[in-house]
Amino acid sequence: MDSLKIIGGKTLNGRIKISGAKNAALPLMACGLLINKGNLELSSMPNLADTKFMCILLESLGIKAKIINNIAHFSGNPSKHVAKYDIVRKMRASILVLGPLLTRVGIAKVSLPGGCSIGTRPVDLHIQALERMGATINLFNGYIEAKAPRNGLQGAEIKFPKISVGATENIIMAASLANGRTKIHNAAKEPEIIDLANCLNSMGAQISGAGTSEVIIKGVKCLNGCKHTVIPDRIEAGSFAIAGAITGGELELINCEPRHLLSLSEYLIKAGVNWKNTDKTITISSNGNLNPVSITTSEYPGFPTDLQAQFMTLMSIANGNSKIVETIFENRFMHVPELARMGANINLNGRTANISGVQSLNGARLMATDLRASISLIIAALRAEGESVVSRIYHLDRGYEKIEQKLINCGADIERIRE
Ligand code: UD1
């Protein structure tokens, strides 16, 4: 397993190009299962472990899938309907093939993803919504076995009791080829949902309201290929913005969507960071002297849970006390003991972290536990005095394209140690 050796204390200066969004790319790739004719071509496709897994999963279902130079191509028809445990266990987002398979093939067998380090992460909302559309679903031997009615899934009124990004995406895809009209109430409003709806509409779907809490989908008979560009990764951009803020210097992030990061910009500015943006760029500068700011994570447009760990690292060296409340996942504080080993002063009380800022962090041997915890440790190591070695960085490779190269170009001292 590879690790990253980081000598901290270097000021970051320079320009970083933001990649396409992993969380937009994965559902867009699942749309490869929905095409009747033509190719689906997705540009700005991030080259990540997770997008490679999704290609392998789609190929195992009979789709021709390839990614060349950040452009992904999908064609062909699904000839199999089983998403096997071996692939699903590596990537929870594999559940996104359930809706497309069921609506296109009429039958789907998808391994239950199971929990992960940040929480139990059930898929009950996906299952109940598909049942509302007429599917018969059984859970057997660790698999979701789903069947659509003989004449296909039926449009339905779906009221989600809780907001779920993945369930909203699964139902939008399933409803695109269902009979009649589906209305989703309490839908997720993330930019990735809008990107999915835009792509599906280019394929011939009829979706309105994406980006609001009510999405209406009028089912169509077939969908065709199209060319679509994946939106920039707001979480990658936010992570680099925080890295810039903690190390001082000036970072320019290009090819990003600042309007997707309004919540982060508000809190970084409160913390004393200089944030300037144009339509597609963000410039971050800071003298590394930070005010304490408290945050509570919530669904979009609130503060993203995927930036919580990074923001906590920033607050660990702020001048005073702050509080972070995690409302989305029940166990998303795995980075706290590792930050404590670097000298951070953080006390956990259920879903709340109380942080007393310290003057400096010290380098240490660290263990990455999940994707966003990993980047928070990298950010901490960039600021810390001395050397850190972050192991198990395969988590990082799931979500950050060319991470060390992008940071080295801005003056970071990072080396990948291959094992
Ligand atoms: C997506 C993102 C992930 C992000 C999360 C929340 C992708 C590939 N991943 O994950 O990076 O952290 O949104 O913004 O886009 N829940 C249920 N039942 C369900 C589904 C979800 O109880 O059937 C719960 C989850 O356990 C969690 C909450 O709802 O507590 C939100 O999860 P959800 O929005 O579904 O997250 P994902 O789509 O898995």
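For the structure itself, look to the data block above.
Residues numbered from 1 in each chain as written. Predicted model: local features only at pLDDT ≥ 70, side-chain atom pairs only at ≥ 80, totals over all residues. Heavy atoms only, no water.

A. Molecular detail of the overall build of the protein chain. In terms of regular secondary structure, the protein chain is built from 14 helices and 24 strands. Computed over the C-alpha atoms, the radius of gyration of the protein chain is 21 Å, within 12% of the 22 Å expected from 2.2 N^0.38 for a compact globule of 419 residues. Structurally, the protein chain occupies a C-alpha span of about 65 × 40 × 40 Å along its principal axes. Residues counted as buried form 55% of the 419 residues belonging to the protein chain. For the protein chain, the accessible area works out to roughly 16,500 Å², and carbon and sulfur atoms hold 47% of it. Computed over 46 positive and 35 negative side-chain charges, the separation of the two mean positions in the protein chain equals 6 Å. (Helix = DSSP H or I, 4+ residues; strand = E, 2+ residues; numbered from the N terminus. Rg over C-alpha atoms; globule rule 2.2 N^0.38 Å. Buried < 20%, exposed > 50% of the residue type's maximum accessible area, 1.4 Å probe, protein only. Areas by Shrake-Rupley, 256 points an atom, 1.4 Å probe, with all protein chains shown as cover. Lys, Arg positive; Asp, Glu negative; His and termini not counted. Charge placed at Lys NZ, Arg CZ, Asp CG, Glu CD.)

B. Quick peek at the sheet that holds strand E2 (residues 14-17). With mixed pairing, 4 strands are arranged side by side in an open sheet as E2-E15-E17-E16. If you trace the sheet from one side to the other, it starts and ends with E2 and strand E16 (274-277), each paired once. Within this sheet the neighbouring strands show an average axis-to-axis angle of 20°, counted without direction. Pairing geometry for E2 and strand E15 (residues 249-254), over 4 bridges, is parallel. Directly across from Ile16, in E15, lies its bridge partner Leu253. Here helix H8 (residues 234-247) sits on the sheet in contact with E2, E15, E16 and strand E17 (282-286), set at roughly 170° to E15. (Pairing = 2+ DSSP bridges. Axes fitted to C-alpha atoms, helices over the stretch in contact; angles between N-to-C directions. Contact = heavy atoms within 4.5 Å.)

C. Quick peek at the site of the ligand. Taken together, 18 residues form the shell around the ligand, and within it Asp124, Leu125, Ser164, Asp306 and Ile328 come nearest. At 2.8 Å, a backbone N or O of Val165 approaches an oxygen atom of the ligand. Separating an oxygen atom of the ligand from a backbone N or O atom of Gly166 is a distance of 2.8 Å. Within the complex, 86% of the 740 Å² of free accessible area of the ligand lies under protein. Looking at the shell around the ligand, the elements that each hand over two or more residues are helix H5 (124-132) and helix H6 (165-176). For the shell around the ligand, the leading source of residues is H5, giving 3 residues. (Near = heavy atom within 4 Å. Polar contact = N/O pair within 3.5 Å; in protein donor to acceptor, adjacent residues only side chain to side chain.)

D. Representation of the side chain of Ser239 within the structure. Turning to its location among the elements, Ser239 is positioned in helix H8. Look at Ser239 and you get buried, because its relative accessible area is 2%. Setting aside residues no more than four positions away along its own chain, Ser239 makes contact with Leu307, Gln310, Ile375, Ile379 and Tyr400.

E. Region of the structure containing the environment of Arg351. Locating Arg351 in the fold gives a position in the loop between strand E20 (345-349) and strand E21 (352-356). The class of Arg351 is partly exposed, set by a relative accessible area of 36%. Each C-alpha atom, one on Arg351 and one on Asn186, is 24 Å from the other, the two residues being 165 residues apart in sequence. Residue contacts for Arg351: discarding those within four places in its chain leaves Ile324, Val325, Glu326, Thr327, Ile328, Phe329, Glu330 and Phe333.

F. How the structure looks around the sheet that holds E21. One open sheet accounts for 4 strands, arranged E18-E19-E21-E20; its pairing is mixed. Every other strand in the sheet has two partners, leaving strand E18 (295-296) and E20 as the edge strands with one partner each. Inspection of the sheet shows strand E19 (residues 321-325) paired to E21 by 5 bridges, in the antiparallel sense. Across the sheet, the residue bridging to Lys323 is Asn354, located in E21. Sheet strands in contact with helix H10 (residues 308-315) are E18, E19, E20 and E21, and its direction is about 170° off that of E19.

G. Fine view of the packing of helix H4 (residues 98-105) against H6. In contact at an axis separation of 7 Å, H4 and H6 are set at 15° when each is read in the N-to-C sense. Classed by the angle they form, the pair H4 and H6 counts as roughly parallel. Crossing geometry of H4 relative to H6 is assigned as right-handed. Contacts between H4 and H6 involve Leu98, Gly99, Pro100 and Thr103 from the former and Asn170, Met173 and Ala174 from the latter. Residues belonging to the contact of H4 with H6 are distributed by class as follows: 4 nonpolar, 3 polar and no charged. (Parallel < 35°, antiparallel > 145°, perpendicular 65-115°, else oblique. Left-handed = near helix turned anticlockwise from the far one by under 90°. Nonpolar A, V, L, I, M, F, W, Y, C, P; charged D, E, K, R; others polar.)

Remember that the coordinates give geometry; whether it matters functionally is a separate question.
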